[in-house]
Amino acid sequence: MRMIRKRSGTRGGGGPARGRLRAALGGATTVLLTATALAALPQTTAHAADTLGAAAAEKGRYFGAAVAANHLGEAQYAATLDREFNSITPENEMKWDAVEPNRGSFSFGRADQIVDHAQGKGMKVRGHTLVWHSQLPGWVSGLGATDLRSAMNNHITQVMTHYKGEIHSWDVVNEAFQDGGSGARRSSPFQDKLGDGFIEEAFRTARAADPNAKLCYNDYNTDGVNAKSNAVYTMVRDFKSRGVPIDCVGFQSHFNPNSPVPSDYRANLQRFADLGVDVQITELDIEGSGQAQATNYGNVVRACLAVTRCTGITVWGIPDKYSWRSSGTPLLFDDNYNKKPAYDAALSALGGTPGDPGDPGGPGDPGGPGDPTAACTATYSTAEQWSGGYNGKVMITAGSSPITGWSVDVTLASPQQVVSVWNGSPTSNGNVMTVRSTWNGSLAAGASTSFGFTVNGGTTPPPQVGACTAS
Ligand code: 9MR
């Protein structure tokens, strides 16, 4: 484990995390800037949302996709991801077999690739998954109870520490209950050797490793009220009553004709929310086509919006061809990345405005050439302050269309001087510093990034941050 500053870090800040972030901060640019006059400038522009991420953001939610690292190099895949989504779940890259194939030997390369992509576009990341019976390397199943307990806790701690501060929600335990009417726990090395208490222990270890990540229990066939969801409900209620740290429950929501969207889906989400946890739709896909599939997608989105604590939706893939159930064409984009009727239904349910389904990202479309709607906002906060100076942070958020670059003016009062800038490229003119995007110019609709700067020469008045200009 290495001690480094985070990509969005400030002077002296940052905890243990990924060493490769250092490069992004490496060349903090130094400028000198004095100021006398200040100008307050307007900062916001409103648009009808026409992507999933932007429309969800307007409802205070995220709209994410499961992503496979090996598809990121495909231009249309990346373009669709970047245009439409503002959260990513690595589909397989953070699973135990991927990150700790041999005991104590961690390999984060492919997962880091996804997290880097997300961060470069200002998207959030869901962590999936820490303790699961599947995609578990053989060495784990072979351990005795004592070793297994320490291997489980070490795995959680190492993986969460590597991504500390970079994951909005972690699936700490996945699929620990049996299907069917028993309400029993599923047999697994963890269940069989450690007993029911392994789930609680995993959550306690997870809280200690990254106190700011939301900790979720995630499962399938728990989407309606049934014996399995009742068993999960009883566990969550027990955890909440005893102070076991749990923040959210993930409902995978893999639907098909044999397992349709339940009529009590919303009510089931709501009863969990009423226990005092967030709920998230974590792996949504719905087999089918045409209007029937579209109606189901619309219903799922509306169910989430009807539950205040339903904080976001993730679809389990982008084009049908890469779905784990590709023959069932369960996703929102066809094999050529055209938007399906299901896409329009999901976007409409989010309150967005569907455009031309056959030409996503084409001329005049969001993210396409000549997009007239590129916009961003800039929000200032003082990150740290000491006698004689401070670190300022400016959060840049794309509007309802993706953007490819941004620029913001920062005006200081004399005798304040900017002595360094990170995550942005500054030029100065008198007392006004213009900061432009560098590696972090491309943002999905509704996505955010930030730049920071250090000021010497006093702490008041605060800098004036002008309007954000997007391209
Ligand atoms: O989509 C994943 C697929 O690529 C893998 O082969 C599979 C292996 O188990 O896991 C799939 O994702 C699963 C997820 O991690 C947990 N819930 C069920 C998902 C579909 O199987």
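Our structure's up above, just so we're on the same page.
Per-chain numbering applies: the sequence of each chain, read as written, is numbered from 1 onward. Given that the model is predicted, a residue must reach a pLDDT of at least 70 before its local features are reported, and side-chain atom pairs must reach 80 or more before they are shown or counted; all residues, however, enter totals for whole chains, interfaces and linings. The basis for every side-chain value is the complete set of heavy atoms in the structure, and neither hydrogens nor water enter the calculation.

Caption draft 1: Expanded view of the pattern of salt bridges. Here, a salt bridge means any Lys or Arg side-chain nitrogen found within 4 Å of an Asp or Glu carboxyl oxygen. Taken as a whole and judged by the stated rule, the model has 17 salt bridges. The shortest N-O distance in the salt bridge between Arg185 and Asp196 comes to 3.9 Å. You can see Arg185 sitting in the loop between strand E6 (169-174) and helix H8 (189-194) and its partner Asp196 sitting in the loop between H8 and helix H9 (197-209), a full 11 residues away along the chain. Categorising residues by exposure relies on relative accessible area from a 1.4 Å probe, with only protein chains included: less than 20% of the type maximum marks a residue as buried, more than 50% marks it as exposed, and the intermediate range marks it as partly exposed. Assessed through its relative accessible area of 46%, Asp196 is described here as partly exposed. In this structure, Asp238 engages Arg242 in a salt bridge whose closest nitrogen and oxygen atoms are separated by 2.9 Å. Placement of the pair is Asp238 and Arg242 together in helix H10 (residues 227-242), with a separation of 4 residues, close to one helical turn. A relative accessible area of 30% means that Asp238 is categorised as partly exposed. Secondary structure counts use DSSP, requiring at least four H or I residues in a row for a helix and at least two E residues in a row for a strand, with both numbered from the N terminus.

Caption draft 2: Broad picture of empty space enclosed by the protein. The definitions used throughout rest on a 1 Å grid laid over the protein atoms alone, on which a cavity is an enclosed set of points accommodating a 1.4 Å probe that cannot get out and a pocket is an open set flanked by protein within 12 Å on both sides along at least five of seven lines; lining residues are those having an atom within 4 Å of a point. Grid points are joined across faces, edges and corners, and a volume is the space filled by probe spheres set on the points. In the structure shown here, the tally under the stated rule is 3 cavities of 30 Å³ or more. By volume, the largest cavity is sized at about 50 Å³. Taken together, Val131, Trp132, His133, Val173, Asn174, Glu175, Ala176, Arg186, Ser188, Phe190 and Phe198 make up the full set of residues lining the largest cavity. Under the scheme applied, nonpolar residues are Ala, Val, Leu, Ile, Met, Phe, Trp, Tyr, Cys and Pro; charged residues are Asp, Glu, Lys and Arg; polar residues are all the others, including Gly. Looking at the lining of the largest cavity residue by residue, the class counts come to 6 nonpolar, 3 polar and 2 charged.

Caption draft 3: Up close: helix H3 (residues 75-84). With 7 of 10 residues buried, H3 lies mostly within the body of the structure. Of all the positions in H3, only Tyr77, Ala78, Thr80, Leu81, Asp82, Arg83 and Glu84 are classed as buried.

Caption draft 4: Highlighting the site of the ligand. By convention in these notes, a residue is near a molecule or strand provided one of its non-hydrogen atoms lies within 4 Å of it. Lining the immediate surroundings of the ligand are 14 residues, of which Glu91, Lys95, His128, Glu283 and Trp316 lie closest. Here a polar contact is taken to be a pair of N or O atoms separated by no more than 3.5 Å, where protein atoms must pair a possible hydrogen donor with a possible acceptor and residues adjacent in sequence count only if both atoms sit in side chains. Between Glu91 and the ligand, the recorded distance is 2.4 Å, taken from a side-chain N or O atom to an oxygen atom. Glu283 is positioned such that a nitrogen or oxygen atom in its side chain is 2.7 Å from a nitrogen atom of the ligand. Only the protein chains shown count as cover for residues, with accessible areas throughout obtained via the Shrake-Rupley method and a probe of 1.4 Å. Contact with the protein chains hides 76% of the accessible area of the ligand, taken as 450 Å² for the molecule alone. Of the residues contributing to the shell around the ligand, the split by class is 3 nonpolar, 7 polar and 4 charged.

Caption draft 5: Spotlight on the packing of H10 against helix H11 (residues 265-273). Here, axes are lines fitted to C-alpha atoms. For helices the fit covers the stretch in contact, and angles between N-to-C directions go from 0 to 180 degrees. Where H10 contacts H11, the two axes come as close as 10 Å, and the packing angle between them is 15 degrees. For the element pair H10 / H11, the angle class is roughly parallel. When the axes of H10 and H11 are compared, the crossing they make is right-handed. On H11, the residues touching Ser229, Asn230, Val232, Tyr233 and Val236 of H10 are Asn268, Arg271 and Phe272. In what follows, roughly perpendicular refers to angles from 65 to 115 degrees, roughly parallel to angles under 35, roughly antiparallel to angles over 145, and oblique to any angle outside these ranges. Each crossing gets its handedness from the near helix: less than a right angle anticlockwise from the far helix is left-handed, clockwise is right-handed. Should any heavy atoms of two residues lie within 4.5 Å, those residues are considered in contact.

That's the geometry; what it means functionally is another story.
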